[in-house]
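What follows is each chain in one-letter form.
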Amino acid sequence: MYSRRNFLQKLTGSAVAASFIPGVLSAAALSATAVSSAGCTGVDGPVLRVAILGLGSYGTRVADAMQACTKAKLVGVISGTPAKIPVWQAKYNIPAKNCYNYDNFDQIKNNPDIDAVYVITPNATHKDFVIRAAKAGKQVICEKPMALTAAESREMIDACKAAGVHLLVGYRMHFEPKTLEVIRMRNAGELGKIRFFQGLSGFNSGDPNQWRRNPKLSGGGSLMDIGIYSVNGARYMIGEEPSWVTAQETKTDPARFVPGIDETIQFQLGFPSGAVASCLSTYNMDNLDRFFLDGTAGYAELLPATGYGPTKGRTNKGELTQPDTVHQTVQMDEMSGILLQGHKPVVPVDGEEAYRDAVVVDAIYQAAKTGQKVQLKG
Ligand code: NAD
């Protein structure tokens, strides 16, 4: 795999070479800085030194994307599978002193060369790993869905607060330029009064033996995995918190989707302004990924809306032309800015944001089960 760091390592006098390439960290700049728990300094300012916990498929995607970061650097790994560690060490140039397993990872508290732990494991394991990382005094980044329930989310937020560390969630779309342009247009009133959002999120779930199809590890089916994008999207596209929820579940293939794994859920959200959202989450349709936002003065469509990219979209004014990005590279650089420099993102990516999603997810499951409309605070 090509990475800027690999490229630099192939050059003689890499520190000198690096200083001529904008946005590329100089190895000398990184190693010469004093170690502290507040990042080290690169050519673009403070650099967040990250250990990834959970070296699976998304962990690998994040690690690869981080090779192009200028404000974040993968420096450590935490894995339950010993054989993966040397492979990652070689691929990403990770020193042995920054490698941990699930039994000894609490000792990370004594490691001043790691600022943050990024938890990228099955959903049901997030809570314990996040709380352990927080107790070790590290900043915590956790994948979506942050927790299985709102109550669990609150526990995680409280644990991070008690430990004096931040808790961020891997909401990569919150930094995506076309998404942010739609939010800018809405905030500027260019779409008029927002009336309607439609979110379609789904794919055909394959391997029945994966953890996503085991309710004990996933905490649910399509809604926890992919429908959460429509839950979150409805909130950031409309720009309000829902005040009521209705939902209906359809299961056409109970042999494939065991109890506790939702196949298809349609849900509707009502917002205090009168705007409504109509969404579909599924594990049994091919590549459904569309957001549509309608206001009294215009509309915006993102299609695809939340896939790894390129994100595409248009509004009543024409095609959205903001640049395509590698979402995880931008996310990690922006999160570095949040954690080390106090930057405020346009759309929050903290534990409270995930708590609000979890409240809606809890309400969707409750509404689907009871057939009743669930009222929320709004
Ligand atoms: P994966 O199965 O590819 O990897 C999971 C990793 O966790 C593996 O390395 C596995 O060994 C490890 N693990 C730790 N405890 C485990 C346990 N008890 N059972 C099984 N595996 C265990 O899964 P993934 O696709 O990398 O997903 C991991 C997390 O990332 C999930 O929460 C998922 O929702 C999230 N995710 C987010 C995005 C995104 O775009 N933000 C995309 C994919 C996945």
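Residues numbered from 1 in each chain as written. Predicted model: local features only at pLDDT ≥ 70, side-chain atom pairs only at ≥ 80, totals over all residues. Heavy atoms only, no water.

Observations regarding the layout of surface pockets
Put simply, the test is: Grid points spaced at 1 Å and placed over the protein atoms alone form the basis of the search, with a cavity being a set where a 1.4 Å probe fits but cannot get out and a pocket an open set showing protein on both sides within 12 Å along at least five of seven lines. Lining residues have an atom within 4 Å of a point. Grid points are joined across faces, edges and corners, and a volume is the space filled by probe spheres set on the points. Counting from the N terminus, the helices are DSSP H or I runs at least four residues long and the strands are E runs at least two residues long. Each residue is assigned to one of three groups, with Ala, Val, Leu, Ile, Met, Phe, Trp, Tyr, Cys and Pro labelled nonpolar, Asp, Glu, Lys and Arg labelled charged, and all others, Gly among them, labelled polar. In this document the domain limits rely on a domain assignment from an automatic tool or a database.
Its volume calculated, the largest pocket comes out at about 890 Å³. Taken together, 35 residues line the largest pocket, and the ones lying closest to its centre are S57, Y58, R212, D225 and Y308. Only α4 (57-66), α6 (126-135), β8 (194-204), α10 (222-238) and β12 (284-295) provide two or more residues apiece to the lining of the largest pocket. Broken down by class, the residue content of the lining of the largest pocket amounts to 13 nonpolar, 14 polar and 8 charged. Summarising the domain contributions, the lining of the largest pocket has at least three residues from each of domain 1 (15-172) and domain 2 (177-323 + 351-375).

A few points about the environment of S230
Just so we agree on the cut-off: Contact criterion: two residues are considered in contact whenever any of their non-hydrogen atoms come within 4.5 Å of each other.
Tracing the sequence through the fold places S230 in helix α10. Through-space distance from the C-alpha of S230 to that of D357 is 9.9 Å; in sequence the pair is 127 residues apart. In this view, S230 contacts F197, G199, L200, S201, F267, C279, L280 and F291; residues no more than four positions away in its chain are not counted.

Details of the pairing of strand β11 (residues 276-282)
Let me state the cut-off plainly: Throughout, exposure labels follow a simple rule: accessible area from a 1.4 Å probe, protein chains only, divided by the maximum for the residue type, with under 20% read as buried, over 50% as exposed, and the rest as partly exposed. For two strands to count as paired, DSSP must find a minimum of two bridges between them.
Across the 7 residues that make up β11, a large majority, 5, are buried. As judged from the 7 bridges shared by β8 and β11, these two strands associate in the parallel manner. Of the residues in β11, the one forming a bridge with G199 is C279. The sheet contact formed by strand β10 (residues 264-270) and β11 spans 7 bridges and is antiparallel. Bridge assignment links I265 to a residue of β11, and that residue is S281.

Some thoughts on the sheet that holds strand β14 (residues 313-315)
To be explicit about the condition: Axes here mean lines fitted to C-alpha atoms, for a helix over just the part in contact, with angles spanning 0 to 180 degrees between N-to-C directions.
Reading across from one edge, β15-β14-β13-β12-β8-β11-β10-β9-β16 is the order of the 9 strands in this open sheet, with mixed pairing throughout. What marks the edges here is a single partner per strand, and that holds for β15 (318-319) and β16 (374-375). Pairing of strand β9 (residues 244-250) with β10 involves 7 bridges; the strand directions are antiparallel. Bridging across to β10, T250 finds its partner in T264. Of the strands in this sheet, β8, β12, β13 (299-302) and β14 are in contact with helix α8 (residues 177-187), which crosses β13 at around 165°.

Examining the confidence of the model for the protein chain
Filter applied, for reference: Values of pLDDT, which run from 0 to 100, indicate the predictor's confidence residue by residue.
Across the protein chain, the average pLDDT comes to 91, with 90% of residues at 70 or higher. When the criterion is pLDDT under 50, residues 1-37 qualifies, and its contacts beyond four places in sequence or with other chains add up to 57 contacts.

Topic: empty space enclosed by the protein
Scanning the entire structure with this criterion turns up 2 cavities of 30 Å³ or more. What lines the largest cavity is K144, P145, M146, A147, S153, Y171, M224, I228, A354, D357, A358 and V361. Among the elements of the structure, α10 and α12 (351-370) are those that each provide at least two residues to the lining of the largest cavity. Take the lining of the largest cavity: its biggest share by element is 4 residues, from α12. Residues belonging to the lining of the largest cavity are distributed by class as follows: 9 nonpolar, 1 polar and 2 charged. Structurally, the lining of the largest cavity is a two-domain feature, drawing no fewer than three residues from each of domain 1 (15-172) and domain 2 (177-323 + 351-375). The space that makes up the second largest cavity amounts to roughly 60 Å³. Together, K144, G170, Y171, R172, M173, I228, Y229, N232 and Y236 line the second largest cavity. Residue composition of the lining of the second largest cavity, by class: 5 nonpolar, 2 polar and 2 charged. Three or more residues apiece are contributed to the lining of the second largest cavity by two domains, here domain 1 (15-172) and domain 2 (177-323 + 351-375).

Some remarks on the site of the ligand
What counts, and what does not: Nearness is defined per residue: one heavy atom within 4 Å of the molecule or strand is enough. Counting of polar contacts relies on pairs of N or O atoms within 3.5 Å, with two restrictions inside protein: one atom must be capable of donating a hydrogen and the other of accepting it, and residues adjacent in sequence are counted only when both atoms are side-chain atoms. Residue burial considers only the protein chains on display, and all accessible areas are found by Shrake-Rupley using a 1.4 Å probe. Each molecule is checked against the cavity or pocket grid, and it sits inside if more than half of its atoms lie within 2 Å of the grid points.
Surveying the vicinity of the ligand reveals 22 residues, the closest of which are S57, K84, N123, R172 and W211. Within the backbone of L55, one N or O atom sits 3.5 Å away from an oxygen atom of the ligand. In this structure, an oxygen atom belonging to the ligand sits 2.8 Å away from a side-chain N or O atom of N123. For the ligand, the accessible surface in isolation is 840 Å², of which the surrounding protein chains cover 80%. Among the detected pockets, the ligand sits in the largest pocket. Partitioning the shell around the ligand into residue classes produces 10 nonpolar, 7 polar and 5 charged.

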